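# Report on the structure
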Amino acid sequence: MFKQLPAEKLRTDRLVMGLRFDLLSLFTTLALLSTTTTVLSDVILSRVDRRIDLTSQIARVTSTLKVENAGPGPVSEILITFPEVQAKNLAYLMAALNEGKGKVKNSGISLPIKAVNPEGMPPSLIFHSVSLPTALGEGDSLTIDVLAVFTHALRAFPEEITQADIQLVLFQDTAHYLSPYAVNIQSLTVKLPKSRIESYTKLDNTNIHGSDIKYGPYENLPSFSYAPVAVHFETNQPFAVAQELVREIEISHWGNVQVTEHYNIVHGGAKSKGEFSRLDFQARPHLQGASAFRNLVAKLPPRSHSIYYRDEIGNISTSNVWDDPKKTELLIEPRYPLFGGWRTTFTIGYGLPLQDFLFESEGKRFLDFSFGSPINDLVIDNLIVKVVLPEGSNDIFISTPFPVKQGQETKISHLDFVGRPVVLLEKINVVPEHNQYFQVYYKFNSLSMLMEPFILISGFFFLFVACIVYVHVDLSISKSSASYLAKMQWDEVRATIQEVQSIINQCLSTHEKLEASLRDLSRTGDVQACKTARKTADSLLKEYSKELKPLLSFLQIFSSGYSNITLRWRSWWQRRGSCKRG
């Protein structure tokens, strides 16, 4: 049953209806298991302590298991079980030895885990096998810590809210530890971000302490015991989900590692409905838009430099950087607050000293770099990491702390001949626990570093040589070639024709003056003025005739041009003869 708050009865009824479908599949699984005889009864979990942390959008379940071997044969592995509806959101699973309360032995090295499919088990349960460091003999016990991290485990309920509403989410799990082994005693603690709880499942021995809900302890639980619980509570933590993140890590042996990260982020909480009021949000941000987030914090490696933050429009100035010898923090503030369902895309980039991340071992160089995103509590649906190696790198080997999809491609950049090899690493459902170091090993000849300077020097050398040749070499057409001679002759003919035309125009002008004197003679009867004008015209025409003769002789070799000029000359000479007769 549900412990109901007085004003929430109707909402609780709707909540129960929403849970009914998910619980149906689990109850079906339990019915199947009730008819299944397990062969793992030699292993007993003498004590199980579970802690579920729901203070962020990521659900982290930590289970401390005390394993005992009650059978005669040795036990070298144990099984971890999840319902299929829960396993689809499992992002990270880790197991390690525990040497006491709150202490994990060899916390840097986790126990091997692999997915298995035991015979006789229903397909609605997902099993993982944890290999023990040493086999347990009869009566031996061992305590291990198991961390399971789930994404998208908190479902917004209601799914849509206005700007003034608070965000409520729903979480479902089991109060009993689901396991193929019998459990002697177990307890569960659910930690919430706030003490405000809309509703929760109340079982026997259930208590609330502030923002914690405690179930149990429960004793003598059979294998595959299951007690469904649901918690409906308020949370205004950022539900930042990167639907895709592309990280490009480019190595330069000249002393720098350039990191570029392209984010496509959406608010994964309750979707916003209705209108958005910027005035109300600015005046009362904790009431009008409490579920929205206005900034993100990225913890960059120490000694980061040349940091930038931009989007499709350009550089975004609403960001700040704090750095010290141990870390560098980048405060990222988008251009607008992100409510449920809203999206934003941006790019951050920064440079790192090469000596902090590139090392040498056994004749190979290797990059030691973190895999996940530097942004706090960011869920990544699809992460693509590209490691761009220097041109000429070969014998590439990749070492990752968890399974990822691997590939290679080639990137052509400036001053490249064959391109730079690019290592591709891809993984879905990534959480901050995946922010572990991976290694990319490769061989590289140091002489290849001289290739780019050689290309630059050669380029400038040939440019200067070309300039010198251009300045000192006569690039004009040869004077002895037929085309050059033809061009020179044609230019000379054109100049001669222009001189002939000029002389003819002068002759025509003289003829017009002579005609004007004849008209004055008929009007005034001044014979002496007419004789003087005729005498002047005759002397000028004789001079023009002398000038024309050598020009016409030159043009005789060009029949077409000569014919046109001759026709004009004859026309003018006939007009001159008629003038004399007059």
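Structure's up top.
Okay, so let's go over this structure. (Residues numbered from 1 in each chain as written. Predicted model: local features only at pLDDT ≥ 70, side-chain atom pairs only at ≥ 80, totals over all residues. Heavy atoms only, no water.)

## Things to note about the pattern of salt bridges
Which entries qualify depends on this criterion: Criterion for a salt bridge: a side-chain nitrogen of Lys or Arg within 4 Å of a carboxyl oxygen of Asp or Glu. Under the DSSP-based scheme used, a helix requires at least four consecutive residues in state H or I and a strand at least two consecutive residues in state E, with every element numbered from the N terminus. In this scheme, a residue with accessible area under 20% of its type's maximum is buried, one over 50% is exposed, and one in between is partly exposed, where area comes from a 1.4 Å probe on protein chains only.
Counted according to the given criterion, the structure contains 17 salt bridges. Here glutamate 248 ties to lysine 411 by a salt bridge, and the two come within 3.2 Å at their closest N and O atoms. With glutamate 248 in strand S18 (residues 240–252) and lysine 411 in strand S30 (residues 405–411), the pair connects residues that are 163 residues apart, well separated along the chain. For glutamate 248, a relative accessible area of 21% gives the class partly exposed. For arginine 335, the salt bridge goes to aspartate 311, with nearest N and O atoms at 2.6 Å. Placement of the pair is arginine 335 in the loop between strand S24 (328–332) and strand S25 (343–353) and aspartate 311 in the loop between strand S22 (305–310) and strand S23 (319–323), with a sequence separation of 24 residues. Classification of arginine 335 by relative accessible area gives partly exposed; the value is 37%. Residue aspartate 311 is classed as buried on the basis of its relative accessible area of 18%. One salt-bridge network, held together by shared partners, links Lys194, Arg196, Glu198 and Glu234.

## Notes on the sheet that holds strand S29 (residues 394–399)
We apply this condition: Here, any two strands with at least 2 DSSP bridges between them count as paired. Only the stretch in contact is used when a helix axis is fitted, and all axes are lines through C-alpha atoms; the angle between N-to-C directions ranges over 0 to 180 degrees.
In spatial order, the strands read S26-S27-S32-S29; together these four strands make up an open sheet with antiparallel pairing. Taken across any chain shown, the strands that pair with only one partner, and hence form the sheet edges, are strand S26 (358–361) and S29. Averaged over all adjacent pairs, the angle separating strand axes in this sheet is 25 degrees, with direction ignored. Pairing of S29 with strand S32 (residues 437–443), which is carried by four bridges, proceeds in the antiparallel orientation. Bridge pairing in S32 links phenylalanine 397 to tyrosine 441.

## Focus on the sheet that holds strand S28 (residues 379–388)
With respect to topology, seven strands assemble into an open sheet ordered S22-S25-S19-S18-S28-S31-S30, the strand pairing being mixed. Lying at the two open borders of the sheet, with one neighbouring strand each, are S22 and S30. Strand-to-strand twist across the sheet, computed as the mean angle between neighbouring axes with direction ignored, equals 15 degrees.

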